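# Breakdown of the fold
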Amino acid sequence: MSDIQISFKEKEQQVHAVVAVVETPLTKELLQQALQQAGYSRCKLVPEQIKNLLTHYEQEQQKVKEKLQAPHSKELSYAVAEKIDAELFFTIADDKMTASAHITAAYGGAPVSANALVKAAQKEGIVFGFIKNNIIHLVAQAAKVDAGTKLKHTIAQGRAIQQGENSRFEPLIQAMESRRNRPVINPDDKKADLRDFGVIPSIAAGEPLMRRHPPTPGKEGMTVTGEALPAMPGLTVEWNLGEGVGLSSDDPDLLQATKDGLPRVIEAGATVDDVFSVKEVDNSTGHIIFKGSVVVAGDVHESMKVIAGGNIFVKGIVEGTLLEAGGDITIQGAVIGHQISNPDEQSEYSTVVQAKGDVQCNMAQYARFRCGGNLYVNKQLVHSAVEARIVFAGPEDKPTGKIIGGNFYLDQGVYAGSLGALSISSIVIRLNRLIDPIVEKQEVLKSSVAGLKTDMAAVKEKIEQFKKLEGSAAIEARLEELSREFEDYRRTATELIADIRLLEEQRKELLAKAEVVARNELFSAVEVQFDKDIIRSRREYGPSKIHMVGVKPEIEPL
């Protein structure tokens, strides 16, 4: 450096530069270099004072040059920088469930410590849910970043209310629940017979069917300001007593069978169906239409129908025209149909299988399935049309079956071992069965809102016209009437917009859950639709999952 001597002293957070005047010029760069060497580089400069110092120094320097003043005989002192402690303030969300800390990094002054932040937060009323890691991260970052940088982080999180659960109903006979395509394991050799789903469930009068568990009380929440949020306890759900059942005389939460038959789970209860058994369904038996459950020991032959109010069990092959059940349908053999019209979602098939519950079969080809619940196909599903909640090709816990071709209209997804085939065999999967009704409702509501806005604009125009007229009792009355009408339109529009937003949240939640999983192989020509977004596989993939990533569907490896 030059022969200029610059020293510094602190006074009340201000950094004073003390400079002895010599012939050498003093520059802003020299001053900043000296500040850095003295450890004041993070302090906030005071530009006006620096300017004053340089001007004054130049004046005194001229005197030294003219020999009117000896070098080093005059010292100048100016507050050229200042230390500013880190600034800290807090914001609390409107619902008081989160609190954030805002830090402006210190200009050479004291930083914010974690303990100081917590104490300051407590003074601001933030007393619950401190997130230790977030606090440590925030203060550490504030100590590293450039002076004056503004940082923000959530430092407290309230505890959400856990609402109590309503009464829970537990079937006491395992076979009452869908067996979900889980073949029976032979206890001797531990091998599974893929065609055997176990014995057909039956029950005798007096046997217990179902237990109702009491509702839970829930857990209260807590805001970051320490306010308790009471939880609502669950509700006691009343029994839905079907035919052939009754409550225990000793226990109002225990449901028993009052007759022999096939037990079946219904909403909040159970029913015991009468059973109609037949060896085969063919021309000799005619169509089977029965209010209870139907058991077919053999096959359902071509052109035959089986319609049951309860469950349907078929131990053989189904080639018939229609199987329709008010409960579940279990087919231990195959469903073999034929395609009557062109292969698309409107195709006609010779065989239709539809159930309000689940449908299970060993394999299926060229058939139409309509399921209120899930479709379980153990081995292979070929060129079929399916409406269901979820499709499992193979056991639910480890789907390894194949799906080749077909059209699917589903609630949530597909799980298979392989999806598609080497030959061009397109699969179209629309995960929109729950989303489409939501979108339709949204469109209707949006149309209503648009109409209301038009009405509001017309009323507002009338209001402005009346305001221009000379005041009178009649005009004032009309203005009040128009104002009420405008407010009614506005309130209705606001409510409809809230409904649209609620439906949008439901739509997003459904899209987040929707997925297609191929555990082994995903072939080309598989098209999957998530609402209006479509993705298509254009090559062969290994184990893959197709799901929403952000706002777009993606194919990702498992």
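Look above for the structure.
Everything numeric here is computed off the predicted structure, so don't read it as measured data.

## Observations regarding the pairing of strand β26 (residues 352-355)
By the alternation rule, side chains of β26 split into Val 352 and Gln 354 and Val 353 and Ala 355, which are all buried. As paired strands, strand β24 (residues 322-325) and β26 are joined by four bridges and run parallel to one another. Opposite Leu 322, over in β26, you have Val 352 as the bridge partner. In terms of strand pairing, β26 meets strand β28 (residues 368-371) through four bridges, oriented parallel. The residue bridging Val 352 from the neighbouring strand is Arg 368, located in β28.

## Quick word on the nonpolar core
What tends to happen in soluble globular proteins is that the nonpolar side chains get buried as a cluster. In terms of nonpolar packing, the biggest core is built from 56 residues, with Leu 323, Phe 369, Leu 375, Leu 381, Ile 403, Leu 419 and Ile 429 touching the most fellow members. If one sorts the elements of this core by residue count, strand β32 (residues 406-419) sits on top with five residues. Setting aside chain neighbours within four positions, we find Phe 369 in contact with Val 335, Val 353, Val 359, Ala 364, Leu 375, Leu 381, Ser 384, Ala 385, Val 386 and Glu 387. Membership of the second largest hydrophobic core comes to 23 residues, among which are Val 22, Leu 31, Ile 50 and Val 80.

## As for the sheet that holds strand β1 (residues 5-11)
Ordered by their spatial adjacency, four strands build an open sheet running β1-β2-β4-β3, and the pairing between neighbours is antiparallel. Unpaired on one side and paired on the other, β1 and β3 (44-45) mark the two borders of the sheet. As defined by bridge partners, strand β2 (residues 14-20) adjoins strand β4 (residues 75-82) across seven bridges and the pair is classed as antiparallel. Bridge pairing in β4 places Ala 20 opposite Glu 75. Lying on the sheet, helix α1 (residues 28-37) is in contact with β1, β2, β3 and β4; it crosses β1 at an angle near 60°. Contacts from helix α2 (residues 47-65) reach β2, β3 and β4 within the one sheet, and its direction differs from that of β4 by about 165°.

## What to know about α2
Residue pairs spaced three or four apart in an α-helix point in one direction, given the helix's 3.6 residues per turn. For α2, built from 19 residues, the straight-helix expectation of 27 Å at 1.5 Å per residue is met to within 8% by its first-to-last C-alpha distance of 27 Å. Restricting attention to buried positions, one finds in α2 the residues Ile 50, Leu 53, Tyr 57, Glu 60, Gln 61 and Val 64. All buried residues of α2 fall inside an arc of 110° around its axis, so they share one side. Exposed residues pointing more than 90 degrees away from the buried face of α2 are listed as Glu 48, Lys 51 and Glu 58. Taken together, the buried residues of α2 touch β2, α1, β3 and β4. The positive-phi residue at the C-terminal boundary of α2 is Lys 67, with phi of around 60°.

## Points about the pattern of salt bridges
In the structure shown here, the tally under the stated rule is 17 salt bridges. Glu 515 serves as the salt-bridge partner of Lys 545, at 4.0 Å between the closest nitrogen and oxygen. Taken together, the positions of Lys 545 in strand β37 (residues 544-549) and Glu 515 in strand β34 (residues 515-522) put the pair 30 residues apart, joining distant regions of the chain. Using a relative accessible area of 24% as the deciding quantity, one classes Lys 545 as partly exposed. Each of Glu 504, Arg 507 and Asp 531 takes part in salt bridges that share partners, so that together they form one network.

Criteria and thresholds
- Residues numbered from 1 in each chain as written.
- Predicted model: local features only at pLDDT ≥ 70, side-chain atom pairs only at ≥ 80, totals over all residues.
- Heavy atoms only, no water.
- Buried < 20%, exposed > 50% of the residue type's maximum accessible area, 1.4 Å probe, protein only.
- Helix = DSSP H or I, 4+ residues; strand = E, 2+ residues; numbered from the N terminus.
- Pairing = 2+ DSSP bridges.
- Core = buried A, V, L, I, M, F, W, Y, C linked by side-chain atoms within 4.5 Å.
- Contact = heavy atoms within 4.5 Å.
- Axes fitted to C-alpha atoms, helices over the stretch in contact; angles between N-to-C directions.
- Expected span 1.5 Å × (residues − 1).
- Arc of directions from axis to C-beta.
- Salt bridge = Lys/Arg side-chain N within 4 Å of Asp/Glu carboxyl O.

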